Amino acid sequence: MPADIDWRRPLFKVVLLGEVGVGKSSLFLRVKDNKFIPGLQPTVGIESCVKALYVEDEKVSLALWDTAGVEKFKTMTRNYYRNTHAALLVYDVNNPASLQYLSKWANDVIEFAPDALRFILGNKSDLERTVITDNTENFRYAHNCESVLPVSALTGEGINNALNVVATKLMDTYKTPLFYESLYNSTVEITRYQPRQRGRSPRECCQTI
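Reference entry: report on the structure contained in this document. Everything numeric in this text was worked out from a predicted model, so none of it was measured.

Reading the values: the criteria
- Residues numbered from 1 in each chain as written.
- Predicted model: local features only at pLDDT ≥ 70, side-chain atom pairs only at ≥ 80, totals over all residues.
- Heavy atoms only, no water.
- Helix = DSSP H or I, 4+ residues; strand = E, 2+ residues; numbered from the N terminus.
- Salt bridge = Lys/Arg side-chain N within 4 Å of Asp/Glu carboxyl O.
- Buried < 20%, exposed > 50% of the residue type's maximum accessible area, 1.4 Å probe, protein only.
- Axes fitted to C-alpha atoms, helices over the stretch in contact; angles between N-to-C directions.
- Parallel < 35°, antiparallel > 145°, perpendicular 65-115°, else oblique.
- Contact = heavy atoms within 4.5 Å.
- Pairing = 2+ DSSP bridges.
- Core = buried A, V, L, I, M, F, W, Y, C linked by side-chain atoms within 4.5 Å.
- 1 Å grid on protein atoms, 1.4 Å probe; cavity = no way out; pocket = protein on both sides within 12 Å on 5 of 7 lines; lining within 4 Å.
- Points joined across faces, edges and corners; volume = space filled by probe spheres on them.
- Nonpolar A, V, L, I, M, F, W, Y, C, P; charged D, E, K, R; others polar.
- Lys, Arg positive; Asp, Glu negative; His and termini not counted.

1. Observations concerning the environment of Asn34
One can find Asn34 in the loop between α1 (24-33) and β2 (46-55). Considered as a pair, Asn34 and Ala153 are 119 residues apart in the sequence and their alpha carbons are 9.2 Å apart.

Shown next, in the form of structure tokens:
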């Protein structure tokens, strides 16, 4: 994580999920470096970056995690999902099968991060859409996802809007003004502000949940 992150500000862990070829790593690169590399190979291992933005004048940071969605990384599943606040379920709007396979990832989120919010990202929105909109909406309702957000890793269109939607919903959901990075692992933990009472030390004003 970058050294200049202010841990007194809200910080949420957000994971990218979806089948190989839907463009997760390209989306990650667009968020991290604002660039697109044609023919980018699937991620090997896990990468993370922090994206800072504002929600109603409050500075918020999203810690975005990316890993290849292949079977050999199944052993990483529990650690990858640990302390996740939101999952971005990515499919290719030009590949109907990618939406069908997304059910597996949605079920993984329910199993390993049941409290995480779920969002659907329709990547490659710069191409002709072949996935029927009604099918996407049916998937959203079936898996209790917050919203469907069109994005394009190629052009960058829709990505800032998607991140703002995610950050705003997270702030509305958690309402916690203080977040910090765990010293024991690479995940993010939450502390909730508690009104200070007479006789209590400053350390006791926050309660881990």
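After that view of the structure, there is still more to cover.
2. Focus on the pattern of salt bridges
Considering all chains together, one arrives at five salt bridges under this definition. Lys124 is the partner of Asp92 in a salt bridge, and the nearest nitrogen-oxygen pair spans 3.2 Å. You can see Asp92 sitting in strand β4 (residues 86-92) and its partner Lys124 sitting in the loop between β5 (117-123) and α4 (133-142), a full 32 residues away along the chain. Here Asp92 falls in the buried class, since its relative accessible area comes to 8%. Lys124 sits in the partly exposed class, given a relative accessible area of 23%. For the salt bridge of Arg140 with Glu137, the shortest nitrogen-to-oxygen distance reads 3.1 Å. Of this pair, Arg140 and Glu137 both sit in helix α4, three residues apart, which is roughly one turn of the helix. Arg140 gets classed as buried once you look at its relative accessible area, which sits at 16%.

3. A short note on the packing of helix α3 (residues 96-112) against α4
One way to put it is that α3 packs onto α4 with a least axis distance of 11 Å and a crossing angle of 10°. As summarised for this structure, α3 and α4 are arranged roughly parallel, according to the angle between their axes. Across from Leu99, Leu102, Ser103 and Ala106 in α3, the residues of α4 making contact are Asn135, Thr136 and Phe139.

4. Overview of the pairing of β2
A regular strand places its side chains so that they alternate between the two faces of the sheet. Note: β2 against strand β3 (residues 58-67), 10 bridges, orientation antiparallel. Paired with Glu47 across the bridge in β3 is Asp66.

5. Quick notes on the nonpolar core
Ranked by size, the top nonpolar core spans 30 residues in total, and within it Leu62, Leu64, Leu88 and Leu170 carry the most contacts. The set of elements that each furnish at least two residues to this core consists of β1 (11-17), α1, β2, β3, β4, β5 and α5 (159-174). Broken down by element, the residue count for this core peaks at eight residues, all from α5. One finds Ala63, Tyr91, Trp105 and Val109 within the second-largest nonpolar core, a separate group that totals 24 residues.

6. Comments concerning empty space enclosed by the protein
For the coordinates displayed, the defined rule picks out one cavity of 30 Å³ or more. Lining the largest cavity are Leu16, Leu27, Phe28, Val31, Leu64, Leu88, Leu121, Val151, Ile159, Ala162 and Leu163. Residue assignment for the lining of the largest cavity shows that the elements contributing at least two residues are α1 and α5. Split by residue class, the lining of the largest cavity holds 11 nonpolar, no polar and no charged.

7. Here's the deal with the side chain of Arg118
One can find Arg118 in strand β5. For Arg118, which is buried and forms no salt bridge, the nearest opposite charge comes from Glu146, at a distance of 7.2 Å. Among residues more than four places away in sequence, those in contact with Arg118 are Ala87, Leu89, Ala106, Val109, Ile110, His143, Asn144, Cys145, Glu146 and Ser147.

8. Some words on the sheet that holds β4
Read from one edge of the open sheet, six strands run β2-β3-β1-β4-β5-β6, paired in mixed fashion. Bordering the open sheet on either side are β2 and β6 (148-150), each of which pairs with just one other strand. Direction aside, neighbouring strands of the sheet carry axes that sit 25° apart on average. Note that β1 and β4 share four bridges and pair parallel. For Val15, the partnering residue across the bridge sits in β4 and is Ala87. Along the sheet face, α3 touches β1, β4 and β5 and points at about 165° away from the line of β4. Against the sheet, α5 makes contact with β1, β2, β3, β4, β5 and β6, and its axis sits at roughly 75° relative to β2, the strand it touches most.

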